[in-house]
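# Breakdown of the fold
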Amino acid sequence: MDELLKIIINMDTEDALAKITKVLGRLLADLDNEARERFLMNLIGQSEGDKVSGMVHL
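Residues numbered from 1 in each chain as written. Predicted model: local features only at pLDDT ≥ 70, side-chain atom pairs only at ≥ 80, totals over all residues. Heavy atoms only, no water.

## Structural notes on the overall build of the protein
Looking only at helices and strands, the protein features four helices and zero strands. Of the roughly 5,400 Å² of accessible surface on the protein, a fraction of 59% belongs to carbon and sulfur atoms. (Helix = DSSP H or I, 4+ residues; strand = E, 2+ residues; numbered from the N terminus. Areas by Shrake-Rupley, 256 points an atom, 1.4 Å probe, with all protein chains shown as cover.)

Here is the structure:
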(Lines give C-alpha, C1' and ligand atoms only; values in the text may rest on other atoms or scores of the structure.)
Protein backbone atom coordinates (compact mmCIF):
# COMPACT_ATOMS: atom_id res chain seq x y z
CA MET A 1 0.00 0.00 0.00
CA ASP A 2 2.80 2.42 0.83
CA GLU A 3 4.39 1.77 -2.56
CA LEU A 4 1.16 2.65 -4.36
CA LEU A 5 0.83 5.85 -2.37
CA LYS A 6 4.42 6.84 -3.21
CA ILE A 7 3.79 6.26 -6.91
CA ILE A 8 0.57 8.28 -6.88
CA ILE A 9 2.10 11.16 -4.91
CA ASN A 10 4.83 11.52 -7.54
CA MET A 11 2.34 11.66 -10.44
CA ASP A 12 0.63 14.69 -11.92
CA THR A 13 -2.66 15.12 -10.04
CA GLU A 14 -4.92 14.79 -13.09
CA ASP A 15 -3.01 11.74 -14.33
CA ALA A 16 -3.15 10.13 -10.89
CA LEU A 17 -6.91 10.67 -10.70
CA ALA A 18 -7.38 9.19 -14.18
CA LYS A 19 -5.41 6.08 -13.21
CA ILE A 20 -7.22 5.75 -9.87
CA THR A 21 -10.58 6.09 -11.62
CA LYS A 22 -9.72 3.26 -13.99
CA VAL A 23 -8.60 0.95 -11.17
CA LEU A 24 -11.52 1.91 -8.95
CA GLY A 25 -13.98 1.21 -11.76
CA ARG A 26 -12.59 -2.30 -12.07
CA LEU A 27 -12.71 -2.91 -8.33
CA LEU A 28 -16.25 -1.59 -7.99
CA ALA A 29 -17.41 -3.83 -10.85
CA ASP A 30 -16.30 -6.83 -8.82
CA LEU A 31 -18.37 -5.84 -5.75
CA ASP A 32 -22.01 -6.64 -5.15
CA ASN A 33 -24.47 -3.74 -4.96
CA GLU A 34 -24.47 -3.59 -1.15
CA ALA A 35 -20.68 -3.45 -0.87
CA ARG A 36 -20.45 -0.87 -3.67
CA GLU A 37 -23.09 1.30 -1.99
CA ARG A 38 -21.32 1.02 1.38
CA PHE A 39 -18.01 2.06 -0.21
CA LEU A 40 -19.57 5.05 -1.97
CA MET A 41 -21.38 6.20 1.18
CA ASN A 42 -18.11 5.97 3.14
CA LEU A 43 -16.39 7.98 0.42
CA ILE A 44 -19.09 10.64 0.51
CA GLY A 45 -18.95 10.69 4.30
CA GLN A 46 -15.24 11.49 4.15
CA SER A 47 -15.76 14.48 1.86
CA GLU A 48 -15.75 17.90 3.45
CA GLY A 49 -18.83 19.04 1.51
CA ASP A 50 -22.42 18.18 2.12
CA LYS A 51 -23.67 14.76 0.97
CA VAL A 52 -25.91 16.07 -1.81
CA SER A 53 -23.13 17.98 -3.54
CA GLY A 54 -20.80 15.01 -3.06
CA MET A 55 -23.27 12.75 -4.84
CA VAL A 56 -23.58 15.22 -7.73
CA HIS A 57 -19.84 14.91 -8.36
CA LEU A 58 -20.04 11.10 -8.49
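Past the structure itself, the notes keep going.
## Focus: a nonpolar patch on the surface
Nonpolar side chains collect at one region of the surface, where Met1, Leu4, Ile7, Ile8, Leu17 and Ile20 lie side by side and expose about 620 Å² of accessible area between them. Those elements giving two or more residues to the nonpolar patch turn out to be α1 (2–9) and α2 (13–29). Here the nonpolar patch takes three residues from α1, the largest share from any one element. Within the secondary structure, Met1 is located in the segment before α1. Residue Met1 is classed as exposed on the basis of its relative accessible area, which comes to 81%. (Patch = residues over 30% accessible without salt bridge, like charges linked within 9 Å, V, L, I, M, F, W, Y side chains within 5 Å. Salt bridge = Lys/Arg side-chain N within 4 Å of Asp/Glu carboxyl O. Buried < 20%, exposed > 50% of the residue type's maximum accessible area, 1.4 Å probe, protein only.)

## Quick notes on the environment of Ala16
Summarising the element assignment, Ala16 is placed in helix α2. Note on Ala16: relative accessible area 7%, which makes it buried.

## What about the pattern of salt bridges?
Under the criterion given, the structure shown has three salt bridges. Between Asp30 and Arg26 there is a salt bridge, and its shortest N-O distance comes to 3.4 Å. Each member of the pair, Asp30 together with Arg26, is exposed. In this structure, the salt-bridge partner of Arg38 is Glu34, at a minimum N-O distance of 3.5 Å. Taken as a pair, Arg38 and Glu34 lie in helix α3 (residues 33–46) at a separation of four residues, close to a single helical turn. For Arg38, a relative accessible area of 46% gives the class partly exposed.

## So, the confidence of the model for the protein
Taken as a whole, the protein shows an average pLDDT of 85; of its residues, 79% reach a score of 70 or greater. When mean pLDDT is taken per element in the protein, α2 scores highest with 94 and helix α4 (residues 51–57) scores lowest with 56. (pLDDT = per-residue confidence, 0-100.)

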